[in-house]
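Per-entry structural report
Here is how the chains run, residue by residue.
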Amino acid sequence: MDRAIADAQLAKTENPEATRVVTLTVNGAPHSAETTTRTTLAIFLREDLRLTGTHIGCAHGVCGACTVMMDGESVRSCLMFAVQAHGHDILTVEGLSNKGELAPLQACFRAHHALQCGFCTPGFLMTLTDFLRHNPNPTESEVRQALTGNLCRCTGYKNIVAAALDAAKQMRANAAAA
Amino acid sequence: MKKQFVGTPVERVEDHRLITGKGRYTGDLRPDGSWTAHFLRSPYAHARWSKIDASSARALPGVHSVFSFDDLPANLRDKTFPLLVPNPLIRQPLTFTTLANHEACYVGEPIAVIVADSREIAEDAAELIFVDYQVLGVANNCRDAAKPYAPPAHLSSADNIAAVINTVIGNAEKAISEAPHKLHDSYFQHRGCGQAMEGRAVLAVLDPLNDRLSVWSAGQAPYMIRTIIGAMLGLDDTKLRVVCPDVGGGFGPKGIVYHEEVVVAWLALTLNHPVTWSEDRREQCTATGQERDQYAEADVAFDDEGRLLGIKVVVIHDIGAYLPWGIIQPWIGATTLPGPYVLPNYHMDLTLTITNKVPCVPLRGNGRPQAVFVMERLMDRIAQYLGKDAAAVRKLNMVKPEQMPYKVGLTGRDNSPVTYDSGDYPACQQMALDQADYSTFKERQRKARKEGRYLGIGIGNVVETTGLGPHEGSTVRVLSSGKIGVFTGAAAQGQGHATVLTQVAAEAFGTDLDQIEYFAADTALFPNGVGTFASRVAVNAGSSVHNASGKLREQVLQVAADQLGIPSDDLEMLPGKVKVKDEASGKIDKGKPTEITLAKLLLLSNGIPGYSATGHGNPGLSATDYFSPTQATYSNATHVVEVDVDVETGFVQILRYIVGHDCGKVLNPLIVHGQIQGGVAHGIGNALYEYMNYDEHAQPQTTTLEEYLLPAVLDVPNVEIVQMESPTPLNPLGIKGAGESGTIPAAAAIIAAIENALQPFKVKISQCPLQAEQIVEMIGRAKAAAKKTESLVGA
Amino acid sequence: MAIAAFSYHDPTSVPEALKLLEKLEDAKPLAGGQSLVPYLFFRMQRHRHLIDLNNIPELSYCSTEDGFLRIGAMTRQRTLLESGLIAEICPILQDALHVLGHQATRTRGTIGGSLSNMDPSADLFGVSALHNAILRVRSSRGEREIKVSDWAETFMKPSMAQNEMLCEVRWKLWPKGHGHAYQKFAKRHHDYAIVASGALMTHDGGGKIKQVSLVVIGLGIKPTRLTEAEEMLTGKAPTVELFAEAAKSVRQYELYPEEFANQGYPRRFVSAEFRRHLGEVYARRVMEAAWQRAIR
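Small disclaimer: the values here were computed from a predicted structure and weren't measured.

Here we look at the domain arrangement of chain B
Residue and element names in this part refer to chain B. Assigned domains within chain B: domain 1 (29–136 + 196–286), domain 2 (137–189 + 293–388), domain 3 (398–468 + 630–795) and domain 4 (469–627). On a C-alpha basis, the centroid separation for the pair domain 3 and domain 4 is 43 Å. Each partner contributes to the interface: domain 3 provides 20 residues, whereas domain 4 provides 18 residues. Among the elements of the structure, strand 20 (454–466) and helix 18 (669–689) are those that each provide at least two residues to the side of domain 3 that touches domain 4. Considering every element that reaches the side of domain 3 that touches domain 4, the biggest residue donor is strand 20, with three residues. Counted by class, the side of domain 3 that touches domain 4 contains seven nonpolar, nine polar and four charged residues.

Encoded structure:
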């Protein structure tokens, strides 16, 4: 308790809500907003940028619902501060579809009933987007290994894995046709 | 010719917004400038206090107010939450007060609320609130707490007994005393938390333009929330709107009404400012209800063939510190125990003990898993005792299809006699066993043992009450766009109601899926509903939508018939319009219209001033139906599980998981199978991973997702589902519920499989969850006992 | 759960970071954040200052020099897992990384962060111990090297001063084609280990073990090198019985004190006896697996 009082008093002299302007690219568009240094990237995306597709399931980095991509790799946005994303390139679930056309992963999730309540879904989509970019022809076992950090309480995972494999197949076909 | 949608694997209508990040969960709805509420919660399982000093907290920049019990208005201080499901057997109807009144009875009970600009500031403020706690004696374990002179969980209570429930068929004591064979066994079971991925959340906004308070909640029962907030704040339903928007999973614990809903609503009203609150994962573990501990002592009597003669079971169940859901959950368990078997004599003596832990609330399965565990373990014990096959003993005891409808001899939670309406339990079990290659298992097991691997197989059967009343309703009407609006009270947390009810409506009305617009879980859009729990929505809302859609179709065809001047039999329904059938076109005068849009029909039926109405009862094109089932409908399932147990480490790998399932007519196989696969994941959690641990002071020990373990992708195999359909005569669609039969017998089947794998060690397992360490210990003890016997029998 | 206030600093060089560490009171370096940030959320830890190391490129590198592998403290776990160089010269590091954490945590998580956090179950701590790693720490006043066996001061606290920071870990590489195995026991796949074991082995070309290194993590506050077992095995022809006998030596090692048993996730609800038992089982299993690889 003493420490808390001391901190609060310190708060009145030093400004605890020190802010910084965070400038970054999200889904290809530039954004700039002022935020406190203790605001996590997840909260910044949801509240400052109004991109509520990224969800906060546990806020301690276990469930994976907050997964986004930074500079092409998946990260837990609840374990990063917004200021750490300054100058970086973020991709969220809102950026997956192209001018209204669903990405193969998204379409496959729907086709395979890979979501029920949908809360964990953006996290899975981002993890898989990263994974399939680097592993375009995975086995089922490899897909499961990639998803250990995403929890789902509704689906029991079967359809998520099926959707991922189907999406990989479609993406390989698209790449071959291109 | 009506298109068929019911029974087809239609892709979900909900999905597009959810996969593009456009879902609208309660935490996403944040009016500009809204304030954040955060609760100060009791750090002790049982404590009282005289003074709360929040002066430092209030002085912190960014804090708007802090309230504890004494700061509440008299009408809130004087009330407790209404008991949602009263029952004369309840001796201590303990329900929540809005905030704790100088005594907290579980860790996590809300003591004060802070309203601030952000969650961070509110938590800073919470650390500055000083409470002169006096720690009190704790009722920790439900067996100890049931004893006389145990510390009372509530200071005002004389003891910790909430209720004693006796459930009886025939005379079990007599049957057991006279039986040729009898066995005794003891069981301990623990079920933990819902742990939906989305925590609870509430947003309340005073809406001056509409002169009402709007509340959004990540809950399962908007009408119950409306009832309780209305009762506590004195608001009638014209002044209060409750919406459950997109909800990220429910599973039961989100189905009761909590302090936070009432408090946040009151804050918005009092402060005249939008207030929002979101639960964090630690609060989900400590302040959201769970199922918990149950101890059972069982005696079973049987004949030489293994036929059940009687079961007596004495149960103690931990109900927690309050009874928000009455005694429904244990009641359901008591009436579920007989399962698919003929049980001529039965007595369950069930004591519900109040403890200083967060209240026991329904959790997927809701009391039935525990009952099924006892019944299925007893089946295996009988089989082991007589040296018979576990599946054969079960089949011998099963209710036969020709015995349907079968009166079990008990009264259900809806006060009607438990009567199984339809189902072929032996066929379902056989279907599952065939899929599991059960007949060749012993050979596989033998081969594996030669290689030092321990395989086991286990069976679990369930007959599940579903489709409970009292009712769900819907209104189906033509919208001004010409589309068909389906309005229901049913709230969804991922079960795909929008899709299923859209299918039902489209087929019954006779149009395409994209012509249906679905509105649900908003008390302003539909007046009355009950809630989503107990696998009841497809049956009740589905039947209601089916009936209402059919009625609307008749209405529309009749009005169209009048307008077009031709009998309705000569008309056909097409998307957005009604048209004269080709073969009847000759009946229409040349130049007169042969079709009319639904939009036009609506305008006409609404009435044009000065002209007589169309003469078909009420204006507008709308039909409402409330479906009230006469009784529950019973779905059934057989789980067969094959495991590989590493006897050195106790690690259990599930090799195959089969579910044979019958939920009557299947509305959408994609969705039903999704529910089963997801339900099995919960069951695997119950058997192997999920344990909400408390210490001897009733302090929660597992309060993060690193400690409370949920099954992840490598822990849940692909469930092989084999489906059969025994339609029910109890509703027009012939459907039964399907949300929980993936979970209910899972732990029983998995534990049975582990025990079967460890047969060489003669290990008996009578508990769940089961940890690796316990498996290794059991094997160690069994080996030591065998050595001892050897040395005694010896040389 | 929301973080208590702190002052945020983002230096772009090591000297700058060290200067901040020297002058600021109650300052904590922030590496990948995968361990530290959750503690901050729970308010189990709070610091007046956080020094973000993620903008210091000179701390990320992975190179070989004179038979030594040198890894910069801020090198991401993902980088190490995907490195073709590591696959070739130090495969056990990838064995461990493969079962450590998850795709997203490895993207940000660093080897230095893991070693500085010093969770007794940290797989990277175990792999470092297996190799007799040398850890180089720096302060604004200089630098020094600490043997991995001396790294632990007490439970989850490395023997670094407040003004020091881990900058590099290095270890001698084993000969090409050496046998290696890393296996762990957790309640679920990829959780923090309750117990894990690693083995490195070479053979002499005549059916005998030439060199062997064995470690178990999860018993003590730091990894336990099984020196007695290593002595028993060196120069011997392996048999099932020999490995089993060597594994039994696990039981003599000190377990971490009771007072720490209730801290941290995997340690709770698992008895000391079970950890010893698992230590023996896994030590035996990795010996067998490493030998099979060594003679391939």
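What about the interface of chain B and chain A?
Facing the 49 residues of chain B at the interface are 43 residues of chain A. Secondary structure elements with two or more residues in the side of chain B that touches chain A: helix 1 (15–19), helix 4 (119–126) and helix 18 of chain B. It is helix 18 of chain B that provides the largest number of residues to the side of chain B that touches chain A, a total of seven residues. Split into classes, the residues belonging to the side of chain B that touches chain A amount to 19 nonpolar, 16 polar and 14 charged.

Observations regarding unusual backbone geometry
Outside of glycine, negative phi angles account for most residues, and trans bonds account for most peptide bonds. In this structure, the amide linkage connecting Met404 of chain B to the following residue, Pro405 of chain B, adopts the cis form with an omega of -5 degrees. Among the structural elements, Pro405 of chain B can be located in the loop between helix 12 (390–397) and strand 18 (406–411). For the peptide bond that leads from Cys768 of chain B to Pro769 of chain B, omega is 0 degrees, which places it in the cis range. Structurally, the position occupied by Pro769 of chain B is in the loop between strand 31 (767–768) and helix 20 (772–793). Positive phi is not limited to glycine here, since Ala59 of chain A has a value of about 60 degrees. Secondary-structure assignment places Ala59 of chain A in the loop between helix 2 (41–48) and strand 3 (67–70). Phi at Lys99 of chain A takes a positive value of approximately 50 degrees, unusual for a residue other than glycine.

Thoughts on the domain arrangement of chain A
Residues and elements named next belong to chain A. According to the domain assignment, chain A consists of domain 1 (17–95) and domain 2 (104–177). Computed from C-alpha coordinates alone, the two centres of domain 1 and domain 2 are separated by 22 Å. Of all elements in the fold, only strand 3 and strand 4 (73–76) reach the threshold of two or more residues within the side of domain 1 that touches domain 2. No other element matches the three residues that strand 3 contributes to the side of domain 1 that touches domain 2. Residues that form the side of domain 1 that touches domain 2 fall into these classes: six nonpolar, seven polar and one charged.

A word on the sheet that holds strand 2 (residues 29–36) of chain A
All names here are of chain A. Sheet architecture is open: five strands sit in the order 2-1-5-3-4, paired in mixed fashion. In the strand order of this sheet, the two ends are held by strand 2 and strand 4, each with one partner. Averaged over all pairs of adjacent strands, the angle between strand axes in this sheet comes to 40 degrees, irrespective of strand direction. Pairing between strand 3 and strand 5 (residues 89–91): two bridges, direction antiparallel. Of the residues in strand 5, the one forming a bridge with Met70 is Ile90.

Rules and cut-offs
Numbering of residues starts from 1 in each chain and follows the order in which that chain's sequence is written. Chains carry letters and ligands carry numbers; both start at the beginning, A for chains and 1 for ligands, and go up in the order they are written. Reporting of local features is limited, given that this is a predicted model, to residues whose pLDDT is at least 70; pairs of side-chain atoms are given and counted only at 80 or more, and all residues count toward the totals for whole chains, interfaces and linings. Source of the domain bounds: an automatic or database domain assignment. C-beta atoms are first placed from the backbone for all residues, and any pair lying within 7 Å is then listed as a contact. Secondary structure follows DSSP: runs of H or I at least 4 residues long count as helices, runs of E at least 2 residues long count as strands, and numbering of each begins at the N terminus. Each residue gets one label: Ala, Val, Leu, Ile, Met, Phe, Trp, Tyr, Cys and Pro are nonpolar, Asp, Glu, Lys and Arg are charged, and the others, such as Gly, are polar. By this definition, two strands are paired if DSSP reports at least two bridges between them. Axis angles are defined between N-to-C directions and span 0 to 180 degrees, where every axis is a line fitted to C-alpha atoms and, for a helix, only to the segment in contact.

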